[in-house]
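Structure at a glance
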Amino acid sequence: LLLPDSMTKVIESEHPDLEGSWRFVRTLILSNKFVLVEPCLPSFQDERRGKVAMRFVPKALRDYFLARCFTRYMKEKRIIGLPLAEDIIFDSVWNLFFDLMIEMAATHKVNISLDLRKKKELT
């Protein structure tokens, strides 16, 4: 989930040329007129609860952009903000993400290491 204000900050700092387009798209999203992204509320456990957030509607699209961002951040040695790969690799919800991430990592020559020695699923 992404908060509109967070997205605005990212665009302002990394893609200032898209600020005008983002204002237009944000209005469409918040009025449910943008078919690829929908407004939503974070869960009660989420620190962002009570604020309107956004998420990609098609799961495949979400996983594609997440894997793309993950791979780019790994290459740049930036903090990612995802659970550790070792913690989610056996969760079927993440299968498509892992497939895409492995493909993108190979394509962009990014090394991703996993330490599965402590995983009880393998013992």
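In this report, we go over the structure that sits alongside the text.

About the cut-offs
Residues numbered from 1 in each chain as written. Predicted model: local features only at pLDDT ≥ 70, side-chain atom pairs only at ≥ 80, totals over all residues. Heavy atoms only, no water. Phe/Tyr/Trp six-rings, centres within 6.5 Å; stacked < 30°, edge-to-face > 60°. Helix = DSSP H or I, 4+ residues; strand = E, 2+ residues; numbered from the N terminus. Buried < 20%, exposed > 50% of the residue type's maximum accessible area, 1.4 Å probe, protein only. Polar contact = N/O pair within 3.5 Å; in protein donor to acceptor, adjacent residues only side chain to side chain. Contact = heavy atoms within 4.5 Å.

A short note on the packing of aromatic side chains
In this structure the tally under the stated criterion is four aromatic pairs. For the pair phenylalanine 70 and phenylalanine 97, a centre-to-centre distance of 5.7 Å together with 85° between the ring planes defines the contact as edge-to-face. Placement of the pair is phenylalanine 70 in helix 3 (residues 59–75) and phenylalanine 97 in helix 5 (residues 95–107), with a sequence separation of 27 residues. Taking 5.6 Å as the distance between ring centres and 75° as the angle between the ring planes, the aromatic pair formed by phenylalanine 97 and phenylalanine 98 counts as edge-to-face. Taken as a pair, phenylalanine 97 and phenylalanine 98 share a single burial class, namely buried. Every member of this aromatic cluster is reached through a ring pair, and the members are Phe70, Trp94, Phe97 and Phe98.

Focus on the side chain of aspartate 63
Here aspartate 63 lies in helix 3. The class for aspartate 63 is buried, based on a relative accessible area of 1%. Here lysine 59 takes part through its side chain, which lies 2.7 Å from a polar atom of the side chain of aspartate 63. At 3.5 Å, the side chain of aspartate 63 forms a polar contact with the backbone nitrogen of phenylalanine 97. In this structure, aspartate 63 is in contact with Val93, Leu96, Phe97 and Leu100, ignoring residues within four places of it in sequence.

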